[in-house]
Amino acid sequence: MIAIGSDHGGYTLKQALIEYFNEKGYAYKDFGTNGEASVDYPDYGITVGEAVVKGGFEFGIVICGTGIGISISANKVKGVRCALVYDVHTATLARQHNNANVIALGGRTTPVDKAIEMVEAFKNEVFESRHQNRLDKMSKYESEHSCE
Ligand code: RB5
């Protein structure tokens, strides 16, 4: 099951990916937005991030105009490792090295065919456990530190 959400800047690409998932028979849950009216990307990045951390999803996809704002937003959720990917190589490495649980795409910067290739690359890749120590350091920091 894939969790997917976008703001208005990512809406067209989100819908195109959903059409692709339907063709392929991939299970997904669409967290909105549901049209091109202006909305705020944190609402969608945080919602998808929380859903992924709570469990039941293979990974999440968040999309805004550039992927920047919504990736920053998703990364505010404890337990999220959201990677802003911009080609097949970075999508592959986001899984292999970072074990990202959410990927961010730019709806205004990424053509649909390229986005599909990137999602497939990420989906089919496996994490290389030699990088686990680095992920553990991030989790340790998250659990032990607060700026409040
Ligand atoms: C919305 O206009 C735009 O700022 C947003 O989609 C995104 O690109 C922000 O990072």
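Quick look at the structure, then. (Residues numbered from 1 in each chain as written. Predicted model: local features only at pLDDT ≥ 70, side-chain atom pairs only at ≥ 80, totals over all residues. Heavy atoms only, no water.)

**Comments concerning a nonpolar patch on the surface**
Right, so step 1: Where nonpolar side chains cluster on the molecular surface, the patch consists of Ile68, Ile72 and Leu84 and spans about 250 Å² of accessible area.
Right, so step 2: Along the chain, Leu84 falls in strand S4 (residues 82-84). (Patch = residues over 30% accessible without salt bridge, like charges linked within 9 Å, V, L, I, M, F, W, Y side chains within 5 Å. Areas by Shrake-Rupley, 256 points an atom, 1.4 Å probe, with all protein chains shown as cover. Salt bridge = Lys/Arg side-chain N within 4 Å of Asp/Glu carboxyl O. Helix = DSSP H or I, 4+ residues; strand = E, 2+ residues; numbered from the N terminus.)

**Quick look at the side chain of Asn101**
Right, so step 1: Mapped onto the secondary structure, Asn101 falls in the loop between helix H4 (88-96) and strand S5 (102-106).
Right, so step 2: Within the structure, the side chain of Asn101 is placed 2.8 Å from the backbone oxygen of Gly79, a separation counted as a polar contact.
Right, so step 3: In contact with Asn101, not counting residues within four places along its chain, are Val52, Phe59, Gly60, Gly79, Val80, Arg81 and Cys82. (Polar contact = N/O pair within 3.5 Å; in protein donor to acceptor, adjacent residues only side chain to side chain. Contact = heavy atoms within 4.5 Å.)

**Some details on the site of the ligand**
Right, so step 1: Surrounding the ligand, one finds Asp7, His8, Tyr41, Cys64, Gly65, Thr66, Gly69 and Arg108.
Right, so step 2: Separating an oxygen atom of the ligand from a backbone N or O atom of Gly69 is a distance of 2.8 Å.
Right, so step 3: Within the complex, 71% of the 290 Å² of free accessible area of the ligand lies under protein.
Right, so step 4: Looking at the shell around the ligand residue by residue, the class counts come to two nonpolar, four polar and two charged. (Near = heavy atom within 4 Å. Nonpolar A, V, L, I, M, F, W, Y, C, P; charged D, E, K, R; others polar.)

**Some points on the nonpolar core**
Right, so step 1: In terms of nonpolar packing, the biggest core is built from 24 residues, with Leu17, Phe21, Ile61, Val85, Leu105 and Val119 touching the most fellow members.
Right, so step 2: When residues of this core are traced back to their parent elements, those giving at least two are strand S1 (2-6), helix H1 (11-24), strand S3 (59-64), H4, S5 and helix H5 (112-124).
Right, so step 3: At six residues, H5 tops the list of elements feeding residues into this core.
Right, so step 4: Counting residues in hydrophobic clusters, the runner-up holds 15 residues, among them Ala3, Val48, Cys64 and Ile70. (Core = buried A, V, L, I, M, F, W, Y, C linked by side-chain atoms within 4.5 Å. Buried < 20%, exposed > 50% of the residue type's maximum accessible area, 1.4 Å probe, protein only.)

**A look at the environment of Val48**
Right, so step 1: Locating Val48 in the fold gives a position in helix H2 (residues 41-54).
Right, so step 2: Residue classification places Val48 among the buried residues on the basis of a relative accessible area of 0%.
Right, so step 3: In the structure, Val48 is positioned 30 residues away from Lys78 in sequence and 12 Å away in space, judged by C-alpha atoms.
Right, so step 4: Apart from the residues within four sequence positions on either side, Val48 is in contact with Ala3, Ile4, Gly5, Phe31, Gly60, Ile61 and Val62.

**Considering the packing of H1 against H5**
Right, so step 1: Between H1 and H5, the least distance of the axes is 10 Å, while the angle of their chain directions is 55 degrees. When the axes of H1 and H5 are compared, the pair comes out oblique. Considering the relative orientation of H1 and H5, their crossing is right-handed. Each of Leu13, Ala16, Leu17, Tyr20, Phe21 and Lys24 in H1 lies in contact with H5, whose residues at this interface are Val112, Ala115, Ile116, Val119 and Glu120.
Right, so step 2: Its residues assigned to classes, the contact of H1 with H5 comprises nine nonpolar, no polar and two charged. (Axes fitted to C-alpha atoms, helices over the stretch in contact; angles between N-to-C directions. Parallel < 35°, antiparallel > 145°, perpendicular 65-115°, else oblique. Left-handed = near helix turned anticlockwise from the far one by under 90°.)

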